[in-house]
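Tertiary structure, described
Listed below are the residues making up each chain.
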Amino acid sequence: AVVSTLRTGEESRANAIHMALALHSAGMINLSVTPHQPVLSENDDDPAPHKRLNLTRIIIGYTRKFACSNPTSALNYYYILRGVQNEDGEDMFTVCISELIQESKEYQTLLGTLDPSGRKTKGAIDRFNVNHSQIISTVAEASEKRGCWEEAVTLYELAHNYDKVMEILNEELSRKLMPNDKAHEHVNEIAVKVEPRSQNANTNLRKQFLLLLDLYKFHKLYHSGSGKLEEALSVISRLQIIPLQQETINHRVQAFKSYSDELRRCIPDILIMVMSILNKLFKTASKSGNSLFGAQNKQAQKIRDQAKVVMRFAGMLPYSMPGDTHAQLSMLDAPMRY
């Protein structure tokens, strides 16, 4: 009861916490069954007048005021809670660290960081004999659930879980592929930095990751002006996603069926961009032809044939594209039909 009494006074709070820690270290107190019980509680199986102390509640309450400003100090107190479990069977040391990192954002200070070669530098947590990867993964999962994908990527990298890194980046790359804005550039910058360190990721996940990075290159070339259109079309041809020759249509349709949802959602916009490139290149080639519409121009005829292939491919895809996709493709294709 002395600890509980001391804890009620602000000036005595430091004495209370350290007295409780000393008693706990000496094995002189029994702890509450769960961290959500009052500071002092009784258990039906305990002989009177024995009380149980909620050490978790005391430590969290004491460290709350300085945890974010001095997270390494708070970490020392949380370490005392290792082995204490909550109702869900979670270790309270891990739970407290997870919440501390999310609130303080001191990832590098507490968990360490990666150098360019992928080697982990030590953080404050490395002083303790705990499962570092498990703790970091727990924090990463919490960040992912909150929608903080960039934090999750950083943390999963620290845990060397590159399968999760690839999953998250593939999702973000596909969602932000088309808008030509800062978010588009930001996710690409992060992906480029991660790429050299992702060699051990799942083969299929990494293959899709690299493909999405190449699609970013295509996207950038497309928005770089008419001087880069042929180069952009060359990138698409190399990636073998959109067919430009008649004999490759069926193969590309079959390949589409194996694509992930992240990649499939990109295809409608890519189709429109490819047709837009062909439309512009056709107009340029037609102007250099001998006839009024450049019908005799071999380059214009080649582009017209490529457009036919793209249109046929779009019609064969087993995928429900956005309602206006086919209308936009037809509008771009119209000048090349005759």
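Further up the page is the structure itself.
Residues numbered from 1 in each chain as written. Predicted model: local features only at pLDDT ≥ 70, side-chain atom pairs only at ≥ 80, totals over all residues. Heavy atoms only, no water.

1. Looking at the packing of helix α15 (residues 267-287) against helix α17 (residues 325-333)
- At a minimum axis separation of 9 Å, α15 and α17 run at an interaxial angle of 10 degrees. Relative to α17, the element α15 is oriented roughly parallel. Together, P268, L271, I272, M275, S276 and N279 of α15 and T325, Q328, L329, L332 and D333 of α17 make up the contact between the two elements.
- Classifying every residue of the contact of α15 with α17 by side-chain character gives six nonpolar, four polar and one charged. (Axes fitted to C-alpha atoms, helices over the stretch in contact; angles between N-to-C directions. Helix = DSSP H or I, 4+ residues; strand = E, 2+ residues; numbered from the N terminus. Parallel < 35°, antiparallel > 145°, perpendicular 65-115°, else oblique. Contact = heavy atoms within 4.5 Å. Nonpolar A, V, L, I, M, F, W, Y, C, P; charged D, E, K, R; others polar.)

2. Here we look at the pattern of salt bridges
- Inspection of the entire model under this criterion finds 14 salt bridges.
- The closest approach of N and O atoms between E171 and R265, which form a salt bridge, is 3.6 Å. On the criterion of sequence distance, the pair formed by E171 in helix α9 (residues 162-175) and R265 in the loop between α14 (261-264) and α15 is long-range, its members being 94 residues apart.
- Residue E171 is classed as buried on the basis of its relative accessible area, which comes to 19%.
- We note a salt bridge from R238 to D214, for which the minimum N-O separation is 3.8 Å. Taken as a pair, R238 in helix α12 (residues 229-239) and D214 in helix α11 (residues 203-222) lie far apart in primary sequence, 24 residues in all.
- What you see here is one network of salt bridges that share partners, running through K105, R146 and E151. (Salt bridge = Lys/Arg side-chain N within 4 Å of Asp/Glu carboxyl O. Buried < 20%, exposed > 50% of the residue type's maximum accessible area, 1.4 Å probe, protein only.)

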